[in-house]
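Each chain, letter by letter, is given below.
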Amino acid sequence: AQSVTQLGSHVSVSEGALVLLRCNYSSSVPPYLFWYVQYPNQGLQLLLKYTTGATLVKGINGFEAEFKKSETSFHLTKPSAHMSDAAEYFCAVSLAQGGSEKLVFGKGMKLTVNP
Amino acid sequence: DTAVSQTPKYLVTQMGNDKSIKCEQNLGHDTMYWYKQDSKKFLKIMFSYNNKELIINETVPNRFSPKSPDKAHLNLHINSLELGDSAVYFCASSPPGVPWQYFGPGTRLTVT
């Protein structure tokens, strides 16, 4: 069954530092992969998506992720963290079921940005 | 211009009560979903509907009954609320043929 793993629950970086949030997936078919961001007390916002084509995908707010089939990974990066990036980040894989698609989420990673 | 909206945003109620959460999307999408986010922030699908038809029912207790009066609305009714139902409930929708979804702002349900 398709699943994603986000190891750890919390990452803390300094403002201006590199952000790296790890996600590994398990899938028997080519996966559709996503990163969602949840700001405090808000809903989930689609940050970026990989479906087919280019393996390096760019998203909103300067984030990007690279699909690496050999490593079964889809890590999220941003070269320089900003205070406004503090949020919970979820990696997700899409799973087809009964003619519909459902998102299977990782446990999430809380990103703290220190001044 | 709201895309996926939910009402209410907060809902506090006592055990045993029945409550409903409403969801509306103005994106013209065919498929709508309900997800539950627990106290540890773990997100899990509950239901999906496509054009008012139930597609996914993820072994949710039958105290939870989704209803889709039209393809722009998917409401969630919960009977006999229990403490364990306390969570944030998210509605989502997706266009035809794409695997990503757009989420509403969530409804925080607290059962006391």
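Look above for the structure.
Residues numbered from 1 in each chain as written. Chains lettered and ligands numbered in written order. Predicted model: local features only at pLDDT ≥ 70, side-chain atom pairs only at ≥ 80, totals over all residues. Heavy atoms only, no water.

A. Structural view of the sheet that holds strand β3 (residues 19-25) of chain B. Residues and elements named next belong to chain B. Taken in spatial order, the four strands of this open sheet run β1-β3-β8-β7, and their pairing is antiparallel. A single partner strand is all that each edge strand has here, and the edge strands are β1 (4-7) and β7 (64-70). For this sheet, the mean angle separating the axes of adjacent strands, direction not counted, is 20°. The sheet contact formed by β7 and strand β8 (residues 73-78) spans five bridges and is antiparallel. (Pairing = 2+ DSSP bridges. Helix = DSSP H or I, 4+ residues; strand = E, 2+ residues; numbered from the N terminus. Axes fitted to C-alpha atoms, helices over the stretch in contact; angles between N-to-C directions.)

B. Geometry of the side chain of B:Ser65. When you line up the elements, B:Ser65 lands in strand β7. Residue classification places B:Ser65 among the buried residues on the basis of a relative accessible area of 18%. (Buried < 20%, exposed > 50% of the residue type's maximum accessible area, 1.4 Å probe, protein only.)

C. Examining the nonpolar core more closely. Grouped together as the largest cluster of nonpolar side chains are 30 residues, with contacts concentrated most on A:Leu21, A:Trp35, A:Leu48, A:Phe74, A:Leu76 and A:Tyr89. Mapped onto this core, the elements with two or more residues apiece are β2 (10-14), β3 (19-21), β5 (33-38), β6 (44-50), β8 (64-68), β9 (73-78), β10 (87-97) and β12 (109-114) of chain A. Element by element, the count of residues in this core is highest for β10(A), at five residues. Sequence-distant contacts of A:Leu48, that is, excluding residues within four places in its chain, are made with A:Leu33, A:Phe34, A:Trp35, A:Val57, A:Lys58, A:Gly59, A:Phe63, A:Glu64, A:Ala65, A:Phe74 and A:Leu76. One finds B:Val4, B:Ile21, B:Leu81 and B:Ala87 within the second-largest nonpolar core, a separate group that totals 20 residues. (Core = buried A, V, L, I, M, F, W, Y, C linked by side-chain atoms within 4.5 Å. Contact = heavy atoms within 4.5 Å.)

D. A look at the packing of aromatic side chains. Applying the stated rule across the entire model yields 14 aromatic pairs over all chains. With a centroid separation of 5.8 Å and 85° between ring planes, the pair formed by A:Phe105 and B:Tyr35 is classed as edge-to-face. Of this pair, A:Phe105 sits in strand β11 (residues 100-105) while B:Tyr35 is found in strand β4 (residues 31-37), placing the two residues in two different chains. Note on accessibility: A:Phe105 and B:Tyr35 belong to one class, buried. An aromatic cluster of three or more residues is present, and its members are A:Phe34, A:Tyr36, A:Phe90, A:Phe105, B:Tyr33, B:Tyr35, B:Phe90 and B:Phe103. One residue, A:Lys49, lies across the ring of B:Trp100, its end atom 4.5 Å from the ring centre. (Phe/Tyr/Trp six-rings, centres within 6.5 Å; stacked < 30°, edge-to-face > 60°. Lys NZ or Arg CZ within 6 Å of the ring centre and 35° of its normal.)

E. Broad picture of a positive patch on the surface. A contiguous patch of positive charge on the surface is contributed by A:Lys110, B:Lys9, B:Lys41 and B:Arg108. Looking at the secondary structure, you find B:Arg108 in strand β11 (residues 107-111). Classification of B:Arg108 as partly exposed rests on a relative accessible area of 39%. (Patch = residues over 30% accessible without salt bridge, like charges linked within 9 Å, V, L, I, M, F, W, Y side chains within 5 Å. Areas by Shrake-Rupley, 256 points an atom, 1.4 Å probe, with all protein chains shown as cover. Salt bridge = Lys/Arg side-chain N within 4 Å of Asp/Glu carboxyl O. Lys, Arg positive; Asp, Glu negative; His and termini not counted. Charge placed at Lys NZ, Arg CZ, Asp CG, Glu CD.)

F. Molecular detail of the state of the cysteines. For the structure on display, the rule yields two disulfides over all chains. Each sulfur in the disulfide pair A:Cys23 and A:Cys91 lies 1.9 Å from the other. On the sign convention where negative is left-handed, the bridge of A:Cys23 and A:Cys91, at about -65° about the S-S bond, is left-handed. Of this pair, A:Cys23 sits in the loop between β3 and β4 (24-26) while A:Cys91 sits in strand β10, and the two are 68 residues apart along the sequence. As far as the burial class goes, A:Cys23 and A:Cys91 line up, both buried. One disulfide bridge connects B:Cys23 with B:Cys91, the sulfur atoms lying 1.8 Å from each other. The sign of the -75° torsion about the S-S bond sets the B:Cys23-B:Cys91 disulfide as left-handed. (Disulfide = S-S within 2.5 Å.)

G. Main features of the pattern of salt bridges. Across all of its chains, the model carries six salt bridges over all chains by this definition. Between A:Glu64 and A:Lys58 there is a salt bridge; the shortest N-O distance is 2.8 Å. Judged by relative accessible area, A:Glu64 falls into the partly exposed class, the value being 23%. A residue is classified by how much of its surface remains accessible, and A:Lys58, at 63% relative accessible area, is exposed. Note that B:Glu58 is salt-bridged to A:Lys102, the shortest N-O span being 2.4 Å. Residue B:Glu58 is located in the loop between β6 (53-57) and β7, and its partner A:Lys102 is located in strand β11; the two belong to separate chains. With respect to burial, B:Glu58 and A:Lys102 carry one shared label: buried.

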